[in-house]
Amino acid sequence: MKFYRSTRGGAAVGAPEAILAGIAPDGGLYTPEEFPAIDLNALSGASALAISSEILYQLLGDFSREEMETIVRQGYAGKFATEELTPLLQVGNQYVLELFHGPTSAFKDVALSILPRLLSASREKMGVREEIVILTATSGDTGKAALEGFRDVPGTRIAVFYPHGGVSDVQYRQMATQEGANVRVCAVRGNFDDAQTGVKRIFADDRKNHWAAAKKAVLSSANSINLGRLAPQVAYYFKAYLDLVRRGAIAMGETINFAVPTGNFGDILAGEFARRMGLPVEKLICASNRNNVLTDFIRTGIYDRRRAFYKTASPSMDILVSSNLERYLYLAGGGDAALVSNLMQALESEGVYRAPESLMQEMRAHFLAGSADDAAAFRAIAEVWEKEGYLLDPHTAVAWSVAQACGDNGKKTVVLSTASPYKFSRDVLTALGAPAEDGFQAMDALFARTGIPIPRNLADLRALPILHRDVVEKDRMLSYVKEAVL
Ligand SMILES: *Cc1c(COP(=O)(O)O)cnc(C)c1O
């Protein structure tokens, strides 16, 4: 059994309990007490699925190798466009790790394909009888990835709420055409904040009135603070490294850099987990868009959320509070839960904290940071397309641009690519200097211009029947859940 502790203190729990709970009772995030050492030589030659199940087996404990192999196989089988799951490509003088070949063409699929199976297996291990009901508010992307992940997973049900008229054509069709016997999709008359507030109120109401238990259900969420969403992301760092060794691009043991387009600090934290499990990492490059709160933090040690919020062309990185940074503070601070509690309290009450210099020195030993605004990202998209014939999405372009700006430290760099350019066709077209068009027209225009195939799941959307037409007022979400979901 491996142990996980809340970043804010308290008793250690096993992985199944941590995954079922999501967030710890004290508001902290479950973090490993120690990391297993991975034998890289034993993994060389292993398939992507085998690497994934071995890393999850070693990191989580409590599940047998066989159980983990089944979870991984069932989670990914038939859902990813390639058996490689996350292919590595050489592009110019860098490498690009494509994480977007899952059912929704964004990197969240890698984790959200596995989380539902981990939840379901954890439920059985803990002897929980109730059905797990996932409630998620989405501004567009996470909702679809969660729907795909949870559809028809035994012991689970999912309802996704999105702002009525507030998502793109493509995002609307992605959700409204969702199949699966255990899914509900509902538009809310309001904006994303209304939908999110509505979901929070539902959780709070159930904590007080316990109506879910009466219907043999427990409410849960699929957001990125769940250990079960973080753990599956560790595997692709190992896979990318082993791919480079296999190609003779690096020698076994040589260190490399990873450049990561960062929002909530989940993806890059998985890279830190990999480093702590023995992966030879030189630097983790934390790339932000114009919302550069993390860049400032890594440079100054001051985390200050009291600043303007910008809407950018990389919306999944438009975040001012990177929740998974809390886990890093805990690890880099040597497991000092009192310190983390104090910093998090300061962030909540004053909107700012300063981390101790010793912690920042540890962080700077392993991280570089930089930010790229939309103009810089668009320049990267145009340049890489013209020079290399490779098309970056706006999130990946931020990481590419920051990696270039960090300069050459004599090590190979892998840029993590988090979305298909076709998810952001309009902005990618703009970057290429073409007239902006919307929705499916933009997709067609981008294809006409580049000849790069449109991912099947996006191309097929137009022909799929609309299956979900529910719309509720924002103050009717609770009764919708009670009547239509449970
Ligand atoms: C969520 C997301 C990110 C940011 O990942 P974090 O784990 O939140 O740092 C980057 N790019 C895309 C396309 C995403 O969907």
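Structure first, text after, so check above.
Residues numbered from 1 in each chain as written. Predicted model: local features only at pLDDT ≥ 70, side-chain atom pairs only at ≥ 80, totals over all residues. Heavy atoms only, no water.

S.K.: An account of the overall build of the protein is needed here, citing residue identities and associated values.
M.R.: A count of helices and strands for the protein gives 22 helices and 16 strands. On C-alpha atoms alone, the protein measures out to a radius of gyration of 21 Å, which is about the 23 Å that the 2.2 N^0.38 rule sets for 486 residues. If you line up the protein on its principal axes, its C-alpha atoms span 60 × 50 × 50 Å. Relative to all contacts within the protein whose residues are 6 or more apart in sequence, the contacts with residues 24 or more apart total 74%. Roughly 19,300 Å² of accessible area belongs to the protein as shown, and the carbon and sulfur atoms make up 47% of that amount. (Helix = DSSP H or I, 4+ residues; strand = E, 2+ residues; numbered from the N terminus. Rg over C-alpha atoms; globule rule 2.2 N^0.38 Å. Contact = heavy atoms within 4.5 Å. Areas by Shrake-Rupley, 256 points an atom, 1.4 Å probe, with all protein chains shown as cover.)

S.K.: Residues and numbers for the environment of Gly180, please.
M.R.: On the secondary structure map, Gly180 appears in the loop between α8 (169-176) and β8 (183-189). Distance in space between the C-alpha atoms of Gly180 and Asp152 is 5.6 Å, their sequence separation being 28 residues.

S.K.: Kindly report on the pairing of strand β15 (residues 413-417), identifying the contributing residues and their values.
M.R.: Where burial is concerned, most of β15 is hidden: 5 out of the 5 residues are buried. Residue alternation in β15 divides its side chains into two sets, Thr413, Val415 and Ser417 and Val414 and Leu416, and both sets are buried. Summarising the sheet, strand β5 (residues 94-98) and β15 pair through 4 bridges and their orientation is parallel. Residue pairing across strands places Leu97 opposite Leu416, the latter belonging to β15. Taken together, the 3 bridges between strand β10 (residues 256-261) and β15 define a ladder with parallel strand orientation. Among the inter-strand pairings, Ala259 is bridged to a residue of β15, identified as Val415. (Buried < 20%, exposed > 50% of the residue type's maximum accessible area, 1.4 Å probe, protein only. Pairing = 2+ DSSP bridges.)

S.K.: Help me get a handle on the sheet that holds strand β6 (residues 131-137), residues and values and all.
M.R.: Taken in spatial order, the 5 strands line up as β9-β6-β7-β8-β16 in an open sheet, and their pairing is parallel. Every other strand in the sheet has two partners, leaving β9 (217-220) and β16 (470-473) as the edge strands with one partner each. Across this sheet, the average inter-strand angle for adjacent strands is 25°, counted without regard to direction. Where β6 lies against strand β7 (residues 156-163), 6 bridges are found, and the strand directions are parallel. For Ile134, the partnering residue across the bridge sits in β7 and is Ile158. Set on the sheet, helix α7 (residues 141-150) makes contact with β6, β7 and β8; between it and β7 the angle comes to about 165°. (Axes fitted to C-alpha atoms, helices over the stretch in contact; angles between N-to-C directions.)

S.K.: If you had to explain the pattern of salt bridges to someone new, which residues and values would you point to?
M.R.: Summed over the entire model, instances satisfying the criterion amount to 26 salt bridges. One salt bridge connects Asp470 with Arg184, and the closest N-O pair in it is separated by 3.2 Å. Taken together, the residues span a long stretch of sequence, with Asp470 in strand β16 and Arg184 in strand β8 at a distance of 286 residues. Taking relative accessible area as the criterion, Asp470 reaches 27% and is therefore assigned partly exposed. Since its relative accessible area comes to 31%, Arg184 is described here as partly exposed. One salt bridge in this structure joins Glu362 and Arg275, with 3.8 Å as the shortest N-O distance. Note that Glu362 is positioned in helix α16 (residues 357-366) and Arg275 in helix α12 (residues 266-276), a separation of 87 residues in sequence. With a relative accessible area of 25%, Glu362 lands in the partly exposed category. A single salt-bridge network, built from bridges that share partners, covers Glu84, Lys239, Asp243 and Arg246. (Salt bridge = Lys/Arg side-chain N within 4 Å of Asp/Glu carboxyl O.)

S.K.: Just give me the short version of the environment of Thr413, but keep the residues and values in it.
M.R.: Following the sequence through the fold, Thr413 ends up in strand β15. For Thr413, the residues in contact, after removing those within four places along its chain, are Gln94, Tyr95, Asn257, Ala259 and Ala403. Separated by 3.0 Å, the side chains of Thr413 and Asn257 make a polar contact. (Polar contact = N/O pair within 3.5 Å; in protein donor to acceptor, adjacent residues only side chain to side chain.)

S.K.: Please provide a residue-by-residue account of the site of the ligand, values included.
M.R.: What surrounds the ligand is a group of 14 residues, the closest being Lys108, Gly263, Asn264, Asp267 and Thr418. In the environment of the ligand, an oxygen atom lies 2.7 Å from a nitrogen or oxygen atom belonging to the backbone of Asn264. A distance of 3.3 Å is found between an oxygen atom of the ligand and a side-chain nitrogen or oxygen belonging to Ser316. In isolation the ligand offers 380 Å² of accessible surface; the protein chains occlude 96% of this area. For the shell around the ligand, the residue count by class is 5 nonpolar, 7 polar and 2 charged. (Near = heavy atom within 4 Å. Nonpolar A, V, L, I, M, F, W, Y, C, P; charged D, E, K, R; others polar.)

S.K.: Give a detailed account of the sheet that holds strand β3 (residues 30-32), specifying residues and quantitative values.
M.R.: Strand order in the open sheet formed by 3 strands is β2-β1-β3, and the pairing between neighbours is antiparallel. The sheet is open, and its two edges are formed by β2 (9-13) and β3, each paired on a single side. Put simply, the sheet's adjacent strands are angled 30° from each other on average, direction ignored. Two elements, strand β1 (residues 4-6) and β3, share 3 bridges in a ladder whose sense is antiparallel. Across the sheet, the residue bridging to Ser6 is Tyr30, located in β3. Its contacts with the sheet place helix α14 (residues 325-332) against β1 and β3, and it is angled at close to 40° to β3.

S.K.: Kindly report on the nonpolar core, identifying the contributing residues and their values.
M.R.: Formed by 106 residues in total, the largest nonpolar core has its most connected members in Leu60 and Phe258. For this core, the element with the highest residue contribution is helix α11 (residues 227-246), accounting for 12 residues. In this structure, Phe258 is in contact with Tyr237, Ala240, Leu279, Val281, Lys283, Leu284, Ile285, Val414 and Leu416, ignoring residues within four places of it in sequence. Within the second largest apolar cluster, 41 residues are counted, among which are Ala313, Leu392, Ala431 and Leu446. (Core = buried A, V, L, I, M, F, W, Y, C linked by side-chain atoms within 4.5 Å.)

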